[in-house]
Amino acid sequence: MTDGERPDPDALLARVQAEEAPPRARLKIFFGAAPGVGKTFAMLESAQRLRAEGVDVVIGVIETHGRAETGALVAGLQVVPRRRVEHRGVALDELDLDAALARRPQVILVDELAHTNAPGSRHLKRWQDVLELLDAGVEVHTTLNVQHVASLTDVVEQITGVKVRETVPDDVLARADELELIDLAPEVLLERLDEGKVYLPEQARRATQHFFQKGNLLALRELALRRTAEQVDVDVQAYRRAHGIERPWAARERVLVAVGPSPSSERLIRAGKRTAERFDATWEVAAVDRPSRPLGARDRERLEAHLRLAESLGAEIVRLRDEQVAAALLAHARRRGVTRIVVGKPTHGRWRDLLTGGLVDALIRGSGEIEVHVVAPIDRDAPPPAPTSPLAAPPPARWSWAVGTLAVAAVTALGLAVFEHVTLADLAMLYVVAIMIAALGGRGPSLLAATLSVVAFDVCFVPPRFTLAVSDLGHLVTFAVMFVAGLAISALTTRLRRQEQDALVRERRTAAILGFTREIAAAETAADIAAVAVRHVEELLGVGAAVLVPEDAGDPTALTAIAGLMPLSAPEQSVAAWSLAHGQPAGHGTATLPGAAVTAVPLAEDAPRGVLVTAGRRDAPPFTADERHLLAALARQAGLALGRVQLATAARDASIRARTEELRSSLLSAVSHDLRTPLAVITGAATSLRDAGARLAPAVAAELLATIVDEARRLERVLQNLLSITRVETGLEPARAWVPVSELCGSALTRLADVLGDRAVELDVPDDLVVSVDPVLFEQVLINLVENAVKHGAPPIAISARRHGPLVELAVADAGAGVDLALGPRLFEKFFQAPGARPGGVGLGLAVCRGIVTAHGGTIAVERAPTGGARFVVRLPTPTPPALPALVVPPAGAP
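Note that the structure is predicted; figures quoted are calculated from it, not measured. (Residues numbered from 1 in each chain as written. Predicted model: local features only at pLDDT ≥ 70, side-chain atom pairs only at ≥ 80, totals over all residues. Heavy atoms only, no water.)

Concerning a nonpolar patch on the surface
The following threshold applies: To count toward a patch, a residue needs a relative accessible area above 30% and no salt bridge. Like charges then connect within 9 Å, nonpolar side chains (Val, Leu, Ile, Met, Phe, Trp, Tyr) within 5 Å. What sets the accessible areas is the Shrake-Rupley method with a 1.4 Å probe; for residues, cover comes only from the shown protein chains. Whenever Lys or Arg places a side-chain nitrogen within 4 Å of a carboxyl oxygen from Asp or Glu, that contact is recorded as a salt bridge. Only DSSP runs of H or I with at least four residues qualify as helices, and only runs of E with at least two residues qualify as strands; both kinds are numbered from the N terminus onward. Think of it in three bands: residues with accessible area under 20% of the maximum for their type are buried, residues over 50% are exposed, and the middle band is partly exposed, with areas taken using a 1.4 Å probe on protein chains only.
Where nonpolar side chains cluster on the molecular surface, the patch consists of Trp-399, Val-403, Val-433 and Ile-437 and spans about 360 Å² of accessible area. Position of Trp-399 relative to the elements: it lies in helix α16 (residues 398-418). Judged by relative accessible area, which is 55%, Trp-399 ranks as exposed.

This is the structure:
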């Protein structure tokens, strides 16, 4: 690293972190254009050299394909035995990954990286085996042909007509620490093929007729060379960044085209495009904005048109900001490793270069190793852009003129008051201060203040006083200094003010984008995301906007607006539909449908998620390059957020469908059993009565009739629970009425008389305790709780009720074995049955209870009863019941 070359701090930090990280195992790939170029042979030669140096090298997999010279290089190398796999009656030998990991050599040779492993192997592909070896710290040497690189398979198919099935991801190739190209001329490879050194004679004959044609081999060789060059270029750039080397290395060409508002810039862009194609180089188009020389509206529109042309031709657009154009271009060129700069030949007079400095001359003198290409304009008579004064500034405010005049008047009054005690030099400095104050308002007020200062200084203080005459010509220098000070200070003030304004604009945009990202990340629906996008676009760009999404995923042309109040006509809808269907911007300011009144930007290029439409007028200037990039960034963020919402919605729908299917299956299974059992009993009893009624004893017939009634009531309770759970899930609105709790309990026990039989039920309910509930629904709650106690508990069953402040607590307890309190809330889920519970039942009873109680604003829970059984407690918020009117007894004898 030479003097003056400072490494980038970020690069140094990354380098230190990489050095401190634990060393990773190396991956070396022997890369070739086609089979037979000698990759395996070169890998074995390298392995023999390593073995001679004392390195522990073993063979994991080597495919010699019967080539004697390749097989001879295996001698002396230890081989890890292969794993034998039987597949469809064929014995296949594969890499024994476990044996290789147990052996843990320094270097292992694994041939044919793109190989597909036999079914039953740990990994589907051999490159996955290699990654596991690398993770275990084993250095791997392997081979790969260019046609197996995943990103090149379509190119290979286009060249050879063969679709390659076995591929290796580009990430694996990028993981390689060393890529060694094994190159062989196509003529030599065809000779080896004819000699039988690649395939057997019959296979070789077929190969020369299809894949191994000379044209195919030439194209594959070029692909391999290019891919190797790209890998080497990545290493070169990493080295340059790590060592802070800014001067370009011409390992690969990079072209930078400098453009401005001049009409000749279009020719520069096309010349730069041809130069980049000629040298197979990446290229950029840069425009430098000078804060002190703002462009007029016409020049700004022309510059934006040039940048749009460059972008359409595939250039990367760069906007730089500096007063020194040449210095900004050279600094950027050195950062990016540019090797050639394309600029236009100057068309102005030479006197202008002498006064302000010439761009081409400054580039040539400061370019160093970078080549500078000067392109002459195609039309020498084309008018140059309107020159802008270096001191150009926005029109001064009216108050600034008054401030300048008052400042000069104040200095003059002060000078007259202290004239006897100060020198003329002191007074001149005071006038310079007045000029500085006036310069804050711009060039005009500063020049006025300078003129007034000169006149006031000459008339009031320079002998002879109170005349315009000057006795000492030296005072003319003082007058000139005042004028120059006014011009210089106003220019600096204007520049600082413009830089401040630019910084404020950038700060507002950065804050707006940060706020946009934060808000859109918190949005949960597509409408919320669209509303955030529309609001930020309108705030940042000052135009109306709308977000449109497809009504039907299968028809992207039918759009509907989900945010924005901007109405769209049929032609404007067509612009949005085209943009969505093709994934490209369209409308005003683009190359597609430029006469439209709106600009449409797709929210995503990979999927038709939606389109962002901004309003405009046909005669209005299009968005600048910065505004286009900002609009595209907002659209991409909105598209990503919409994709996130769509994926979440799809996952939620899939989960609901799965749960619905599970519930449906559970319901059908449980209900079919609980419906089939009583129906079978009823059918059997009724059939017996029909077929043998006359022969049956009266007691037997009565028992059969009782069985029919009991099973019918059981069937009624099952159906009642099904109806109740349906009402609960579709939104239950209880029909409340004030009902005594004792009346609810009595009604429920009456309906359960056949279920209770001779089981004892202890009732502890005050007669005056009333609740505001739906009597029919709450009776079902009591029926389900008591029936649950009968089925899963033991007598006695206790029902109690008490008021505790604003709550009424109703409890049903039994003396059985109780329940596991850890199950808690799960007991009230649909179709859930506790482990070890008696079979039978749908598992809806407690779920119905929870739904009805919740609809009444209450809660239900399970506790352990004092007797050791389960105690289900219902707590209902119950206000004070209304007072009943007193009963008036008429006096005796009254009519």
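As for the sheet that holds strand β22 (residues 797-804)
Note the cut-off: Two strands qualify as a pair provided that DSSP identifies no fewer than 2 bridges between them. The axes used here are C-alpha line fits, helices contributing only the stretch in contact, and every angle between their N-to-C directions lies in the interval 0 to 180 degrees.
On the basis of which strands lie adjacent, the open sheet formed by five strands has the order β20-β22-β23-β25-β24 and mixed pairing. The open sheet has two edge strands with one neighbour each: β20 (761-764) and β24 (859-864). Taking the axes of each pair of neighbouring strands and ignoring which way they run, one obtains an average angle of 15 degrees across the sheet. For strand β23 (residues 807-813) and strand β25 (residues 870-877), the ladder comprises seven bridges, and the chain directions are antiparallel. Of the residues in β25, the one forming a bridge with Leu-807 is Pro-877.

Things to note about the pairing of strand β12 (residues 340-344)
Burial of β12 is extensive: four of the five residues sit out of reach of the surface. Both strand β9 (residues 254-259) and β12 contribute to a ladder of three bridges, which runs parallel. By the bridge assignment, Val-255 is partnered in β12 with Arg-340. Looking at chain direction, β12 and strand β13 (residues 371-375) are connected through five bridges and run parallel. Pairing of Val-343 across the sheet is with Val-374, part of β13.

A closer look at the packing of aromatic side chains
Test applied: Between 30 and 60 degrees the pair is tilted, below 30 it is stacked and above 60 it is edge-to-face, where a pair is any two Phe, Tyr or Trp rings, Trp via its six-membered ring, whose centres lie within 6.5 Å. In our convention, an over-ring charge means Lys NZ or Arg CZ found within 6 Å of a ring centre and within 35 degrees of that ring's normal.
Under the criterion given, the structure shown has five aromatic pairs. Between Arg-465 and the ring centre of Phe-419, over which it is positioned, the NZ or CZ distance is 4.1 Å.

Section: the nonpolar core
One broad trend across soluble globular proteins is that nonpolar side chains are buried collectively. Put simply, the test is: Think of a nonpolar core as a cluster: buried Ala, Val, Leu, Ile, Met, Phe, Trp, Tyr and Cys residues, connected wherever their side-chain atoms sit within 4.5 Å. Residue contacts are counted whenever heavy atoms from the two residues lie within 4.5 Å of one another.
Val-741, Phe-778, Leu-785, Leu-810 and Val-874 are the most contacted members of the largest nonpolar core, which totals 43 residues. At nine residues, helix α26 (residues 775-792) tops the list of elements feeding residues into this core. Non-local contacts of Phe-778, meaning those with residues more than four positions away in its chain, are made with Leu-744, Val-773, Leu-810, Val-853, His-856, Val-874 and Leu-876.

Some words on unusual backbone geometry
Pro-464 follows Pro-463 through a cis peptide bond whose omega is -10 degrees. Residue position: Pro-464 is located in the loop between α18 (443-460) and α19 (475-522). At the junction of Pro-795 and Pro-796, the peptide bond is cis and its omega measures out at 0 degrees in the coordinates. One can find Pro-796 in the loop between α26 and β22. With a phi close to 50 degrees, Arg-104 is a non-glycine residue in the positive phi region.

A short note on the environment of His-141
How we decide: Pairs of N or O atoms are called polar contacts if they sit within 3.5 Å, as long as, within protein, a hydrogen donor faces a hydrogen acceptor (for residues adjacent in sequence, only side-chain-to-side-chain pairs).
Tracing the backbone shows His-141 in strand β7 (residues 139-145). C-alpha separation for the pair His-141 and Val-130, spaced 11 residues apart in sequence, amounts to 9.2 Å. Setting aside residues no more than four positions away along its own chain, His-141 makes contact with Lys-28, Phe-30, Met-43, Ser-46, Leu-50, Val-107, Ile-108, Leu-109 and Val-110. Side chain to side chain, His-141 and Glu-139 meet in a polar contact 2.9 Å long.

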